[in-house]
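One letter stands for each residue in the lines below.
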Amino acid sequence: GITLADGSTHARLTARGMVHFDGGQEVGLILLEWQNTDILVGMDFLVKFKKQLTVCGLNKTVEIIDSKPAPAPVLTMQPPVVDEPAAQPNAANSQAPNIPAQGENGKPPAA
C-alpha cells in the first residue's frame with residue numbers, strides 16, 4: 001500500500017519511474033491509476049529535486065520552489081539564571097556607625 005499526503009493508506013498499482021523536471025531527472029516510486037492518464041508522483045520527488053511545495057490560500061496559488069536547508073540552531077553560552085537572596089549584613093563584620101554622644105543641650109558631653 002501507499003500512504004497519501006492526508007495520512008490515509010491505500011492499495012494501488014505502483015512502479016519505479018523516472019521523472020524529468022527542471023533540467024534534472026530522478027528515479028522513484030510513481031502511482032499508476034487505470035482510470036486516469038495522469039501519473040501521480042510521491043512527495044519523495046520534492047526531496048530528490050530539492051524543491052518544496054508552497055500553497056497560499058490568500059493568493060490561491062500553488063508553487064514548487066527551490067528548497068532551502070533549515071538554518072542550524074544557534075547555541076548560546078549564557079549562564080543559568082540563579083535567584084540570589086538579598087544581601088544580608090554579616091553581624092561579625094558589621095560596625096555600628098560612629099555617632100558622637102550628645103549631652104542635654106545637643107552638644108557633646110564634657111570630658
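Residues numbered from 1 in each chain as written. Predicted model: local features only at pLDDT ≥ 70, side-chain atom pairs only at ≥ 80, totals over all residues. Heavy atoms only, no water.

K.L.:
Help me understand the sheet that holds strand E3 (residues 13-21) in this model?
P.N.:
Backbone hydrogen bonds hold the strands of a sheet together, and the pairing may be parallel or antiparallel. One open sheet holds the three strands; their spatial order is E3-E4-E5, and the pairing between them is antiparallel. Strands at the two margins of the open sheet, each flanked by one partner only, are E3 and strand E5 (39-41). Here the average twist between neighbouring strands, direction ignored, is 50°. Pairing analysis gives nine bridges linking E3 to strand E4 (residues 24-32), with the strands arranged antiparallel. Paired with His20 across the two strands is Gln25, which belongs to E4. (Pairing = 2+ DSSP bridges. Helix = DSSP H or I, 4+ residues; strand = E, 2+ residues; numbered from the N terminus. Axes fitted to C-alpha atoms, helices over the stretch in contact; angles between N-to-C directions.)

K.L.:
I tried to follow the layout of surface pockets on my own but got confused; where do I start?
P.N.:
If you roll a probe as big as a water molecule over the atoms, it shows you where there is empty space left. Size it by volume and the largest pocket reaches roughly 320 Å³. Counting only elements with at least two residues in the lining of the largest pocket, the list comes to strand E1 (2-3), E4 and E5. No other element matches the three residues that E4 contributes to the lining of the largest pocket. Classifying every residue of the lining of the largest pocket by side-chain character gives nine nonpolar, three polar and one charged. Size it by volume and the second largest pocket reaches roughly 200 Å³. (1 Å grid on protein atoms, 1.4 Å probe; cavity = no way out; pocket = protein on both sides within 12 Å on 5 of 7 lines; lining within 4 Å. Points joined across faces, edges and corners; volume = space filled by probe spheres on them. Nonpolar A, V, L, I, M, F, W, Y, C, P; charged D, E, K, R; others polar.)

K.L.:
Please explain the packing of aromatic side chains as it appears in this structure.
P.N.:
Each aromatic ring pair is described using two quantities: the centre-to-centre distance and the angle formed by the ring planes. Inspection of every chain in the model, using the stated rule, returns two aromatic pairs. Between Phe21 and Phe49, the ring centres sit 5.6 Å apart and the planes meet at 75°, which makes this aromatic pair edge-to-face. Of this pair, Phe21 sits in strand E3 while Phe49 is found in the loop between helix H1 (44-48) and strand E6 (51-56), placing the two residues 28 residues apart along the sequence. Aromatic ring contacts, followed pair by pair, group Phe21, Phe45 and Phe49 into a single cluster. In this arrangement the basic side chain of Lys48 is found over the ring face of Phe45, its NZ or CZ atom lying 5.4 Å from the centre. (Phe/Tyr/Trp six-rings, centres within 6.5 Å; stacked < 30°, edge-to-face > 60°. Lys NZ or Arg CZ within 6 Å of the ring centre and 35° of its normal.)

K.L.:
Help me understand the confidence of the model for the protein, please; the structure alone is not making it clear to me.
P.N.:
The predicted coordinates should not be examined in detail at positions where pLDDT is low. Mean pLDDT over the protein: 79, with 75% of residues reaching 70 or higher. Mean pLDDT values for the elements of the protein range from 75 in E5 up to 92 in strand E7 (residues 61-66). (pLDDT = per-residue confidence, 0-100.)

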